[in-house]
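What the coordinates show
Here's the letter readout for the chains.
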Amino acid sequence: MCGIVAYKGYKNCYPILLNGLHRLEYRGYDSAGVACLTKHGKLSITKKSGKVKHLEQLLKNKDIIQDCRGSGIAHTRWATHGKPNQINSHPHKDQSGDIVLVHNGIIENYDPIKKFLQSKKVKFKSETDTEVLVQLIGYFFQNVKLDFQQSVRAALQRVDGAYGIVVLNKKSPDMMIAARKGSPLVLGIKDKEFFVGSDISPIVKHTQNIIYLEDAQMAIIDGNDYKITSIDKDVSLPKKVEKIDYKIDDYDKGKFKFFMHKEIHEQIETINNTIKGRVNKDGILLQGLFKYWPAIKRADKIFITACGTSWHAGLIGKNLIERFAEVPVHVEYASEFRYNKTLVDNNSVVIAISQSGETADTLAAIHKANEAGAITVGICNVPGSSVSRETNCGVFTRCGHEVGVASTKAFTAQITVLYLLALKLGRSRNLLTKNSVKAHLDYKNAIKKVKLVLRKELDIKKIALKYKNASDFLYLGRGLNFPVALEGALKLKEISYIHAEGYPAAEMKHGPIALVDEDMPNVFIVPKDKTYDKIISNIEEIKSRKGKIIIITDSRDKILKNLANDLILIPKTNHYMFVVLATIVLQLFAYYIAVSKKINVDQPRNLAKSVTVE
Ligand code: G6P
């Protein structure tokens, strides 16, 4: 979703900002823009719908890159208010053209403010809520004659909603102002240079000294100095500079055409990394939970909240925790959790799962749980992210940067963490013996099986291509594999734009079966477990209606072979590992269908990697 990068220093800002915009591309966007204060005291704004490379091209043609004074702001926009075109893209300026701003988030009361400004003869150029904010700052600066800082403060005190903003004013060329409420913003400091980012990805290349702006804070950079204040009052607050130990390797697809493909293959290492150092002869170590463990292990109810793929991991977590630790677990979409009457109190444990650590709804759910006095546990992939900072404790999935918009390696790492957590809880509650925990954690063997599945890639591709022209798919699984069905369907939808639905296999009779005809592929996930015979009946029901049957299984039974139009055999393993292996098959299946349709699977249309608005 929208991304911000800004620079204030003595260097030419363009290379820094363009590199930063590339770093932000993974979030998903539909236009990009940059504004720079020139050596001649002007503001130069360049915007373009489409990709950052199109903006770069435009800048080359304009030959303005050499004219930079050292301050600039840049943005990737994911449209919320108004079409994804050049006019609506950021940066936006006020009517005088002196003040320019980039914004992440949504200004909810933009309509009355717009009407007020229109009554003062302010003319609007775009359809965006963002322009309303910069025009309001401009109104205070030009009409009310407040100084730049006071104008930003006065405007922000009048807007509702979420924002992360950076503002420049050519009448105060030594100043850059950043502020946030709801949407995250990070300040990077390096001698006489300052960087602002919507996350650390455009900054870490330049500095590891970071201030995570807290909610309702402003950073005012003036010359070579800076201060942090609240939005309400111009009183300096402590500068909490953190040294982060986080590197983002140069994006490199290696031998792969797409990051998503690379990330599917990386699961051998990412699952291993997520377990490594957390399992020893005495059991499972989750250091990040240490302080809160006595309370966590006594919990009599656990809540899990998340969005998208992470929510599917949550459903698997529920199954594992209830199975091993016998604690009831309630899983709720974060967007519902934040508004529903949820029975969270100071005896509750709330687990929030998020790859990016910046999903707006998940953060709001964490705030609600924190306010209720619950213990909040983050399962997150990005150190320093808002989820990792705003939960009481947590466990990192150690996948490295996930670039592909459709989550793959983060999902299997999330279920790995949930598996460790469920087993640790079961052991702490004396429901599992040391030996049974050990038996579950034969992960070296498990990793070998991931490799075996990846070796089946060409077979999976062949099967995927047979079905690439289908317009609808059903994915069906039971128990732990119902969320796998949901995730398989989501992957296909996200990257191939084919309609797909995941269902518990038996529930299919209550509606979806009406869709089945000879053109409809039905993907069944069939482990040889206690529901095996039942799921065979479900397959028969579809077969007798001429639906196409694709089976993913660890069973060599002839019966399945006879029922299947296509069958993908995965190695025998335990329940948890079956889920991981079946997921990898479904990731590859969706990937090959999407690639055959010539879709950019790393940045599918309309989707964002990090959804920072509600
Ligand atoms: C977006 C992404 C999904 C992701 C979801 C939740 O929709 O496209 O891949 O699962 O957000 O993101 P999170 O970072 O909180 O896991």
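Each chain carries its own residue numbering, running from 1 in the direction its sequence is written. Given that the model is predicted, a residue must reach a pLDDT of at least 70 before its local features are reported, and side-chain atom pairs must reach 80 or more before they are shown or counted; all residues, however, enter totals for whole chains, interfaces and linings. As a rule here, side-chain values come from all non-hydrogen atoms in the structure, and water together with hydrogens is ignored.

Moving on: the overall build of the protein. Elements are defined by DSSP. Helices are runs of H or I of four residues or more, strands are runs of E of two residues or more, and each kind is numbered from the N terminus. The helix and strand tally for the protein stands at 20 helices and 27 strands. By the compact-globule yardstick of 25 Å for 614 residues, the protein fits well, its C-alpha radius of gyration being 26 Å. Across its three principal axes, the protein shows a C-alpha extent of roughly 80 × 55 × 45 Å. By the convention used here, residues are in contact when the closest approach between their heavy atoms is within 4.5 Å. Counting only contacts in the protein whose residues sit at least 6 apart along the sequence, the fraction spanning at least 24 positions is 70%. In this description, accessible areas are obtained by the Shrake-Rupley approach with a 1.4 Å probe, and a residue is regarded as covered only by the protein chains that are shown. Per element, the accessible surface of the protein, about 24,700 Å² overall, is 50% carbon and sulfur. In the protein, 91 positive and 64 negative side-chain charges are present, and the distance between their average locations comes to 3 Å. All radius of gyration figures rest on C-alpha atoms, and the globule criterion is 2.2 Å times the number of residues raised to 0.38. As used throughout, the charge tally considers Lys and Arg to be positive and Asp and Glu to be negative, leaving His and the chain termini uncounted. Positions of charges follow a simple convention, taking NZ of Lys, CZ of Arg, CG of Asp or CD of Glu.

One speaks of a salt bridge when a side-chain nitrogen belonging to Lys or Arg is within 4 Å of a carboxyl oxygen belonging to Asp or Glu. Counted according to the given criterion, the structure contains 23 salt bridges. For Asp111, the salt bridge identified is with Lys115, shortest N-O distance 2.9 Å. One end of the pair is Asp111 and the other is Lys115, both in helix 3 (residues 110–119) and four residues apart, which spans about a single turn. Three exposure classes are used, based on accessible area relative to the maximum for each residue type with a 1.4 Å probe and protein chains only: buried under 20%, partly exposed in between, and exposed over 50%. Since its relative accessible area comes to 35%, Asp111 is described here as partly exposed. We note a salt bridge from Asp234 to Arg153, for which the minimum N-O separation is 3.5 Å. One end of the pair, Asp234, is in the loop between strand 13 (225–230) and strand 14 (236–237); the other, Arg153, is in helix 5 (residues 148–156), and 81 residues separate them in sequence. Linked through salt bridges whose partners overlap, the residues forming this network are Lys11, Lys190 and Glu193.

The next thing to look at is the sheet that holds strand 12 (residues 217–222). Read from one edge to the other, the open sheet built from seven strands follows the order 5-6-7-8-12-13-14, with strand pairing classed as antiparallel. Here the strands that pair on one side only, and so sit at the sheet edges, are strand 5 (92–93) and strand 14. One bridge is not enough; two strands pair if DSSP finds at least two bridges between them. As paired elements, strand 13 and strand 14 share two bridges and run antiparallel to each other. What sits directly across from Thr229, in strand 14, is Ser236. In this analysis an axis means a line fitted to C-alpha atoms, helices contributing only their contacting stretch, and an angle means the value between N-to-C directions, from 0 to 180 degrees. In the packing of helix 4 (residues 129–142) onto the sheet, contacts are made with strand 5, strand 6 (99–107) and strand 7 (161–169), and the angle to strand 6 comes to roughly 135 degrees. Helix 5 contacts strand 7, strand 8 (175–181), strand 12 and strand 13 of the sheet and is inclined by roughly 165 degrees relative to strand 7.

Here we take up the pairing of strand 4 (residues 68–77). Burial analysis of strand 4 places nine of its 10 residues in the buried class, which makes it a mostly covered element. Judged from the six bridges that link them, strand 1 (residues 3–8) and strand 4 form a sheet pairing that is antiparallel. Note that in strand 4 the partner of Ala6 across the bridge is Ile73. Where strand 2 (residues 31–38) meets strand 4, seven bridges bridge the pair, whose relative direction is antiparallel. Looking at strand 4, one finds that Thr38 is bridged to Cys68.

This part covers the environment of Phe256. Position of Phe256 among the secondary structure elements: in the loop between strand 15 (242–243) and helix 6 (259–265). On the basis of relative accessible area, Phe256 is assigned to the buried category, the value being 16%. Sequence separation between Phe256 and Ala352 is 96 residues; the distance between their C-alpha atoms is 32 Å. Contacts of Phe256, omitting those with residues within four sequence positions, involve His261, Lys262 and His265.

It is worth spelling out the side chain of Ser198 at this point. Along the chain, the position of Ser198 falls in the loop between strand 10 (193–197) and strand 11 (209–212). Nitrogen and oxygen atoms within 3.5 Å of one another constitute a polar contact, given that in protein one can donate a hydrogen and the other can accept it, and given that sequence-neighbouring residues count only through two side-chain atoms. Among the polar contacts listed, one links the side chain of Ser198 to the backbone nitrogen of Ile4, at a separation of 2.8 Å. Once you skip the residues sitting within four places of it in the chain, Ser198 turns out to touch Cys2, Gly3, Ile4, Leu24, Arg27, Asn104, Pro184 and Leu185.

Time to look at the sheet that holds strand 10. Read from one edge of the open sheet, eight strands run 3-2-4-1-10-9-11-15, paired in antiparallel fashion. Of all strands in the sheet, those with a lone pairing partner are strand 3 (43–49) and strand 15, marking the two edges. The sheet strands contacting helix 1 (residues 13–24) are strand 1, strand 2, strand 3, strand 4 and strand 10, and the helix crosses strand 4 at an angle near 15 degrees.

What follows concerns the site of the ligand. Residues are classed as near a molecule or strand on a simple rule: at least one heavy atom within 4 Å of it. Neighbouring the ligand are 14 residues; Ser310, Ser354, Gln355, Ser356 and Thr359 lie closest to it. Residue Val405 places a main-chain N or O atom 3.2 Å away from an oxygen atom belonging to the ligand. In terms of residues, the shell around the ligand owes the most to one element, helix 9 (residues 308–325), which gives three residues. Put simply, Ala, Val, Leu, Ile, Met, Phe, Trp, Tyr, Cys and Pro go in the nonpolar bin, Asp, Glu, Lys and Arg in the charged bin, and everything else, Gly too, in the polar bin. Considering only residue class, the shell around the ligand consists of four nonpolar, eight polar and two charged.

This part is about the domain arrangement of the protein. For an interface, size is often stated in terms of accessible area lost upon the parts coming together. In this document the domain limits rely on a domain assignment from an automatic tool or a database. What the domain assignment reports for the protein is domain 1 (2–246), domain 2 (256–441) and domain 3 (455–599). On a C-alpha basis, the centroid separation for the pair domain 1 and domain 2 is 34 Å. Contact residues are listed per partner, giving five residues for domain 1 and 10 residues for domain 2. Across the domain 1/domain 2 interface, buried area totals approximately 840 Å², and carbon plus sulfur atoms make up 58% of it. Viewed at the interface, domain 2 and domain 1 are joined by one residue pair in polar contact (both at pLDDT 80 or more). The residue makeup of the side of domain 1 that touches domain 2, split by class, is five nonpolar, no polar and no charged. When two parts are brought into contact, each loses some accessible area as probed by a 1.4 Å sphere; the total of that loss over both is the buried area.

Along helix 16 (residues 457–466), the positions that sit buried rather than exposed are Glu457, Ile460, Ile463 and Ala464. For helix 16, the arc enclosing every buried residue in end-on projection is 130 degrees, short of the 170-degree limit, so these residues lie on one face. What points out from helix 16, more than 90 degrees from its buried face, is the exposed set Leu458, Lys462 and Lys466. Next to the buried residues of helix 16 lie helix 6, helix 15 (443–454), strand 26 (548–553), strand 27 (566–569) and helix 20 (575–596). This arc is built from the directions going out from the helix axis to the C-beta atoms.

Every α-helix winds through 3.6 residues per turn, so residues three or four apart in the chain are directed the same way. Compared with the 26 Å implied by 1.5 Å per residue over 18 residues, the 25 Å span of helix 9 between its first and last C-alpha is a close match. The buried count for helix 9 comes to 14 of 18 residues, which makes it a mostly enclosed element. A positive phi of about 55 degrees marks Glu326, the residue just after helix 9. A helix is expected to reach a length of 1.5 Å times the quantity of its residues less one.

Here we come to the nonpolar core. Note on terminology: a nonpolar core comprises buried Ala, Val, Leu, Ile, Met, Phe, Trp, Tyr and Cys residues joined through side-chain atoms within 4.5 Å. Core analysis: the largest hydrophobic core is formed by 94 residues, its most contacted members being Ile302, Ile321, Ile351, Phe473, Tyr475 and Phe589. A total of 17 residues in this core trace back to one element, the largest contributor, which is helix 20. Looking at which domains feed residues into this core, each of domain 2 (256–441) and domain 3 (455–599) supplies at least three. Listed in part, the 30 residues of the second largest apolar core include Leu133, Phe148, Val159 and Ile165.

This part covers the packing of helix 15 against helix 20. One way to put it is that helix 15 packs onto helix 20 with a least axis distance of 10 Å and a crossing angle of 25 degrees. Put simply, helix 15 runs roughly parallel to helix 20. The element helix 15 and its partner helix 20 pack so that their crossing is right-handed. On the side of helix 15, the interface is formed by Ala446, Lys449, Val450, Val453 and Leu454, while helix 20 contributes Met577, Leu581, Ile584, Val585 and Leu588. The residue inventory of the contact of helix 15 with helix 20, partitioned by class, reads nine nonpolar, no polar and one charged. With respect to orientation, any angle under 35 degrees is reported as roughly parallel, any angle over 145 as roughly antiparallel, any angle of 65 to 115 as roughly perpendicular, and every other angle as oblique. The hand of a helix crossing depends on one turn: near helix anticlockwise from the far one by less than a right angle means left-handed, and clockwise means right-handed.

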